[in-house]
Amino acid sequence: MAESRQYVTQPQENGCVMISEEVLVSIICKAVEEVENVSLSGKPGINWGKGVKIIISDDNQVEVKCYINVSYNQAVVDAASAVQEAVTSALESMAGVTVAGVHVNICGIVRA
């Protein structure tokens, strides 16, 4: 059975633009990489092992789940908040999508 891919569809004046799930995941990964003292956990089974899962609703809103590791001696709540802000900002500015929510799961603490 073929794997189905999801797209965000944005109507334009002369047609529509379809943004694939892979593009959204790439944007999210780059946004998380820019947050200091945070790394994606690479949890197996979550979007190609990158530590990101997205859900695209029928009205083209995107819900994101990020699985991250935080560096030792960093406030996990602050790190999670920074990830939420970075992901929301990146998706809205680069892909023009509405972000319904960014859920951050802290999977581990790592020594830098």
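Note on numbering: residues in each chain are counted from 1, in written sequence order. Residue-level local features of this predicted model are given only where pLDDT is at least 70; pairs of side-chain atoms are given and counted only at 80 or more, and the full residue set underlies all totals for whole chains, interfaces and linings. For the side-chain quantities, the full set of heavy atoms in the structure was used; hydrogens and water were omitted.

Enquirer: Would you take a moment to explain the packing of aromatic side chains for this structure?
Expert: Any pair of aromatic rings gets described here by the distance separating the centres and the angle formed by the planes. Pairing of aromatic side chains requires ring centres within 6.5 Å, counting the rings of Phe and Tyr and the six-membered ring of Trp. Pairs whose planes differ by under 30 degrees are stacked, by over 60 edge-to-face, and all others tilted. By the definition in use, this model includes 0 aromatic pairs. Its end group placed over the ring of Tyr72, Arg111 keeps NZ or CZ at 4.3 Å from the ring centre. Throughout this description, the term charge over a ring refers to an Arg CZ or Lys NZ atom that lies within 6 Å of the ring centre and within 35 degrees of the ring normal.

Enquirer: I'm lost on the confidence of the model for the chain in this one. Help?
Expert: Low pLDDT marks regions whose predicted coordinates should not be analysed in detail. Confidence of the predictor in every single residue is expressed as pLDDT, which spans 0 to 100. Averaged over every residue, the pLDDT of the chain is 89; residues scoring 70 or more account for 88%. Mean pLDDT across the elements of the chain ranges from a minimum in strand E1 (residues 7-12), with 89, to a maximum in helix H2 (residues 76-95), with 97. By definition, any uninterrupted DSSP run of H or I lasting at least four residues is a helix, any uninterrupted run of E lasting at least two residues is a strand, and each is numbered from the N terminus.

Enquirer: When you look at the pairing of strand E2 (residues 15-20) in this model, what are you seeing that I'm missing?
Expert: As paired strands, E1 and E2 are joined by 6 bridges and run antiparallel to one another. Pairing of Tyr7 across the sheet is with Ser20, part of E2. Pairing between two strands requires that DSSP report at least two bridges joining them. Linking two consecutive strands that pair antiparallel, namely E1 and E2, is a turn of 2 residues.

Enquirer: Before we go on, may I ask you to explain the environment of Gln6 in this structure?
Expert: Tracing the backbone through its elements, the reader meets Gln6 in the segment before E1. Remark: exposure states derive from per-residue accessible area (1.4 Å probe, protein chains only) relative to the maximum for the residue type, with buried under 20%, exposed over 50%, and partly exposed in between. For Gln6, a relative accessible area of 35% puts it in the partly exposed group. Each C-alpha atom, one on Gln6 and one on Ile54, is 9.7 Å from the other, the two residues being 48 residues apart in sequence. It only takes one pair of heavy atoms within 4.5 Å for two residues to be counted as in contact. When near neighbours in sequence (up to four residues on either side) are disregarded, Gln6 contacts Ile19, Ser20, Glu21 and Ile56.

Enquirer: Got a minute to help me understand the pattern of salt bridges in this structure?
Expert: Opposite charge on two side chains permits pairing when their charged atoms draw close. Salt bridge, as applied in this entry: a Lys or Arg side-chain nitrogen positioned within 4 Å of an Asp or Glu carboxyl oxygen. Following the criterion strictly, the structure yields 1 salt bridge and no others. The salt bridge partner of Lys30 is Glu33, with a shortest N-O separation of 3.9 Å. With Lys30 and Glu33 both in helix H1 (residues 21-33) and 3 residues apart, the pair spans about one turn of that helix. Here the two residues Lys30 and Glu33 agree in accessibility, since each one is exposed.

Enquirer: Just to check I follow, could you spell out unusual backbone geometry for this structure?
Expert: The bulk of non-glycine residues show a negative phi, and the bulk of peptide bonds are trans. At Asn37, a residue that is not glycine, the phi angle is positive and equals roughly 65°. With phi around 65°, Asn60 is a residue other than glycine that occupies positive phi space. Relative to the assigned elements, Asn60 resides in the loop between strand E4 (52-56) and strand E5 (61-71).

Enquirer: When you look at the packing of H1 against H2 in this model, what are you seeing that I'm missing?
Expert: When two helices pack together, their arrangement is captured by the angle between the axes and the distance separating the axes. In this description, a line fitted to the C-alpha atoms serves as the axis of each element, helices being fitted only across the stretch in contact, and the angle between N-to-C directions of two axes falls anywhere from 0 to 180 degrees. At their nearest, the axes of H1 and H2 sit 9 Å apart, and the two run at 135° to each other. Regarding the angle of H1 to H2, the classification is oblique. Here H1 and H2 pass one another in a crossing that is right-handed. Residue-level contacts link Leu24, Ile27, Ile28, Ala31 and Val32 of H1 to Val83, Ala86, Val87, Ala90, Leu91, Met94 and Ala95 of H2. Its residues assigned to classes, the contact of H1 with H2 comprises 12 nonpolar, no polar and no charged. Small angles under 35 degrees read as roughly parallel and large ones over 145 as roughly antiparallel, with 65 to 115 read as roughly perpendicular and the rest as oblique. In this scheme, a crossing is called left-handed if the near helix is turned counterclockwise away from the far one by less than a right angle; it is called right-handed if the turn is clockwise. Polar here means any residue other than Ala, Val, Leu, Ile, Met, Phe, Trp, Tyr, Cys and Pro, which are nonpolar, and Asp, Glu, Lys and Arg, which are charged; Gly is therefore polar.

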